[in-house]
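Tertiary structure, described
Residue strings, one per chain:
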Amino acid sequence: MATGALLKPEVWAEATENPIPFVFAGNYNGPGKWRYGLGFVESGGFIGGEGSFAGYESTTMYSPTRGTAIEVVSTKNPNAITPPPMFQALAMAVHGTDIGFGLTPEQALAPAFTGVAGQPDTQPKE
C-alpha cells in the first residue's frame, strides 16, 4: 500500500499530495516529525499507519526507497515508549540517524506518553 501499487496513479498522487504536519494527542508520538496524508501517516520517508484497540497499540511503516518495513506492536502502558517513536528508534538503528525524523535515538527511546488524562507529558517540547 505504501508504494501506491494498489491504486490508480492519479489516486495515489492525490493521496500523497501535501500531507500536513501533526502531533498525536497527549504527545503519543513523542518529539519527532509526523505528517498526515489521505489515510496514512508519514515520517522520514516511511509511510504507514498506527492505531490501537482493547489494550494494544501498533505502528506499521514502510519505506519504498529503503525497501524496509517495520512493525511495532505493544500492550498499552502509561509512561512507556509508544509504537511510533519505537518504530523511529528501530529505523535509526538500521539506517542511521539521518533519516529525517526530527529526533535522536535517545529522544525516541524516552517515554513521552503518560496515558493519564490531565497529566503533563514527560518529554520536553522543542
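Residues numbered from 1 in each chain as written. Predicted model: local features only at pLDDT ≥ 70, side-chain atom pairs only at ≥ 80, totals over all residues. Heavy atoms only, no water.

Once that is clear, we can look at the side chain of glutamate 57. Tracing the chain through its elements places glutamate 57 in strand S5 (residues 56-63). Residue contacts for glutamate 57: discarding those within four places in its chain leaves Tyr28, Gly51, Ser52, Val72, Val73, Ser74, Thr75, Lys76, Asn77 and Pro83. (Helix = DSSP H or I, 4+ residues; strand = E, 2+ residues; numbered from the N terminus. Contact = heavy atoms within 4.5 Å.)

To continue, consider the packing of aromatic side chains. Aromatic ring pairs are defined here through the distance separating the ring centres and the angle between the ring planes. Evaluation of the coordinates by the stated rule reveals seven aromatic pairs. A centroid spacing of 6.2 Å and a plane angle of 55° characterise the contact between tryptophan 34 and phenylalanine 87, whose relative ring orientation is tilted. With a gap of 53 residues between them, tryptophan 34 in the loop between strand S1 (20-21) and strand S2 (35-36) and phenylalanine 87 in helix H2 (residues 83-95) connect regions that are remote in the sequence. Relative accessible area serves as the criterion here: at 3%, tryptophan 34 is assigned to the buried category. Taken together, the ring pairs in this structure connect Trp34, Phe46, Phe87 and Phe101 into an aromatic cluster. (Phe/Tyr/Trp six-rings, centres within 6.5 Å; stacked < 30°, edge-to-face > 60°. Buried < 20%, exposed > 50% of the residue type's maximum accessible area, 1.4 Å probe, protein only.)

Averaged over every residue, the pLDDT of the chain is 83; the share at 70 or more is 89%. Per-element averaging of pLDDT across the chain places strand S4 (residues 46-53) at the bottom with 86 and H2 at the top with 93. Considering only residues more than four positions removed or in separate chains, one finds that residues 120-126, a stretch of pLDDT under 50, has 19 contacts. (pLDDT = per-residue confidence, 0-100.)

A grouping of Phe53, Tyr56 and Val73 is seen on the molecular surface, where their side chains present a nonpolar patch of about 350 Å² in accessible area. When you line up the elements, tyrosine 56 lands in strand S5. On the basis of relative accessibility, which here comes to 44%, the residue tyrosine 56 falls in the partly exposed class. (Patch = residues over 30% accessible without salt bridge, like charges linked within 9 Å, V, L, I, M, F, W, Y side chains within 5 Å. Areas by Shrake-Rupley, 256 points an atom, 1.4 Å probe, with all protein chains shown as cover. Salt bridge = Lys/Arg side-chain N within 4 Å of Asp/Glu carboxyl O.)

Glancing now at the side chain of threonine 68. Looking at the secondary structure, you find threonine 68 in strand S6 (residues 68-75). Residue class for threonine 68 comes out buried when judged on its relative accessible area of 15%. A polar atom in the side chain of threonine 68 sits 3.2 Å from the backbone oxygen of arginine 66. A polar contact of 2.9 Å, which involves the side chain of threonine 68, links it to the side chain of histidine 95. (Polar contact = N/O pair within 3.5 Å; in protein donor to acceptor, adjacent residues only side chain to side chain.)

All right, on to the sheet that holds S1 then. Strand pairing in a sheet takes place through backbone hydrogen bonds and is either antiparallel or parallel in direction. Strands sit in the order S1-S2-S3-S4-S5-S6 across an open sheet of six strands; the sheet is antiparallel. Two strands in the sheet have a free side with no partner beyond their single neighbour: S1 and S6. In this sheet, S4 lies alongside strand S3 (residues 41-43) in antiparallel orientation, the contact comprising three bridges. By the bridge assignment for S4, valine 41 is matched with glycine 48. (Pairing = 2+ DSSP bridges.)

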